[in-house]
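Architecture and fold: a report
In case you want the letters, here they are:
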Amino acid sequence: MSIQSVINREIFAPSDQKLLVAIEAKRRNKRKLPFLAAGREGKYKTFICLSATNKPPVQLFITKVKQFEGSPRLIKRSQWNVDQLRQVNGVNPNRDCPEFDLVFDRSLDQWMAASDAEKCMFIQVLYHACQNYWIAKDVQANPGEAGRDPQKPGGPESRKGPAVPRTNFINCQSKLMEDACTMNMVIYRCKIFLNRMKSTMLPPPRPRPAGQAKSGAKSAGVKSRTPSPARPPRGSMKKAVRRASQALGERGDRLWRAEDKTAHMMDSARLFSNTAHKLALKYSC
């Protein structure tokens, strides 16, 4: 079972919410709290989650979930409503990067995702969820103007009521917002899967013993003769990566064929509509 399924089952399902996206991240600038140093519980993983309520009116929440090392238990630490989210900063609008900032009413959180793909997927899901949320907010605030034309007098743009505050997305790539497509989401999910599989198969780096570090400092310039630990065989990892890459290519081919078929059906429907319109004009005279 994936970590997203576990988080959804243990944290959000009891609150009648559904998890939209969850990514692993860590703070770029750790908060220094010396008076809490004695009470720390060790290393932990932090997950930034976006969830929505199942019952209308739909509410969006950003939740911080922690999992301490050696414990399968997940703990919900902080939660914000999207109404409190004032700005999402993608840091670099020109290339993929793991850094992003979340600006709330009274706090600024600077995060670094576990990979570029996780950050891109989170920004894309958050942007479209916020757009749908604010549109629904406008409809609730002005129910009589839901079906009016914005260009006509009395439309949503010409109303004099108070504007609903919206979340501002800055320094984010256009492919994550207006130009986003389903293909990007599939690519990001495959990249995340490959990165997580690689991190689980590779052993963590071993810390160097203190005595060896001191002896190395004293005998600078002398090569150490300690044999390096045997590395795990790479054959299994290469096969797994090759299979995942092949599956990714096959899925991309299927998506491209589906898009071509959809475009062909749209052209056929447009041609049929034009023909029907011409026949209607011919026989109406």
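A closer look at the nonpolar core
Counting 35 residues, the largest nonpolar core has Ile62, Leu102, Phe122 and Leu126 as its most contacted members. Contributions of two or more residues to this core are made by β1 (17-27), β2 (44-53), β3 (60-68), β5 (85-89), β6 (99-104), β7 (108-113), α2 (116-141) and α3 (182-201). The element contributing the most residues to this core is α2, with twelve residues. Setting aside its immediate chain neighbours within four residues, Leu126 contacts Leu50, Ile62, Leu85, Val88 and Phe169. Counting ten residues, the second-largest nonpolar core is a separate cluster that includes Val6, Phe12, Ala22 and Val65.

What about the packing of aromatic side chains?
Across all of its chains, the model carries five aromatic pairs by this definition. Note on Trp80 and Phe104: the rings are 4.5 Å apart at their centroids and 15° apart in plane angle, and the pair reads as stacked. Highlighted residues: Trp80 in strand β4 (residues 75-81) and Phe104 in strand β6, separated in sequence by 24 residues. Side by side, Trp80 and Phe104 carry an identical accessibility label, which is buried. Taking 5.1 Å as the distance between ring centres and 65° as the angle between the ring planes, the aromatic pair formed by Tyr133 and Trp134 counts as edge-to-face. Here Tyr133 and Trp134 have matching classes, each one buried.

Quick look at the sheet that holds β3
The eight strands lie next to each other as β4-β3-β2-β1-β7-β6-β5-β8, forming an open sheet whose pairing is mixed. Single-partner strands in this sheet number two, and they are β4 and β8 (168-170). Here the average twist between neighbouring strands, direction ignored, is 30°. Here helix α1 (residues 3-12) sits on the sheet and contacts β1, β2, β3 and β4; the angle it forms with β1, its principal contact strand, is near 115°. Sitting on the sheet, α2 is in contact with β1, β2, β3, β4, β5, β6, β7 and β8, with an inclination near 140° to β1.

Quick look at the pattern of salt bridges
In this structure the tally under the stated criterion is eight salt bridges. Here Asp101 and Arg28 are joined by a salt bridge, their closest N and O atoms 2.9 Å apart. Taken together, the residues Asp101 in strand β6 and Arg28 in the loop between β1 and β2 connect sequence positions 73 residues apart. Overall, the relative accessible area of 27% leaves Arg28 in the partly exposed class. A salt bridge links Asp105 to Arg86, with the nearest nitrogen and oxygen atoms 3.1 Å apart. Residue Asp105 is located in the loop between β6 and β7, and its partner Arg86 is located in strand β5; the two are separated by 19 residues in the primary sequence.

Regarding the state of the cysteines
Put plainly, a disulfide is one covalent bond tying together the sulfur atoms of two cysteines. Following the criterion strictly, the structure yields zero disulfides and no others. With no disulfide of its own, Cys172 lies closest to Cys97 among cysteine sulfurs, the gap being 9.3 Å.

Some thoughts on unusual backbone geometry
Geometrically, the link from Pro56 to Pro57 is a cis peptide bond, its omega value of -5° lying close to zero. When you line up the elements, Pro57 lands in the loop between β2 and β3. Even without being a glycine, Asp16 presents a positive backbone phi close to 60°. Inspection of the secondary structure assignment puts Asp16 in the loop between α1 and β1. The phi dihedral of Val91 is positive, around 70°, even though this residue is not glycine. As for its placement among the helices and strands, Val91 is situated in the loop between β5 and β6.

Definitions and cut-offs
Residues numbered from 1 in each chain as written. Predicted model: local features only at pLDDT ≥ 70, side-chain atom pairs only at ≥ 80, totals over all residues. Heavy atoms only, no water. Core = buried A, V, L, I, M, F, W, Y, C linked by side-chain atoms within 4.5 Å. Buried < 20%, exposed > 50% of the residue type's maximum accessible area, 1.4 Å probe, protein only. Helix = DSSP H or I, 4+ residues; strand = E, 2+ residues; numbered from the N terminus. Contact = heavy atoms within 4.5 Å. Phe/Tyr/Trp six-rings, centres within 6.5 Å; stacked < 30°, edge-to-face > 60°. Pairing = 2+ DSSP bridges. Axes fitted to C-alpha atoms, helices over the stretch in contact; angles between N-to-C directions. Salt bridge = Lys/Arg side-chain N within 4 Å of Asp/Glu carboxyl O. Disulfide = S-S within 2.5 Å.

Honestly, that's just the spatial picture; any functional story needs more than this.
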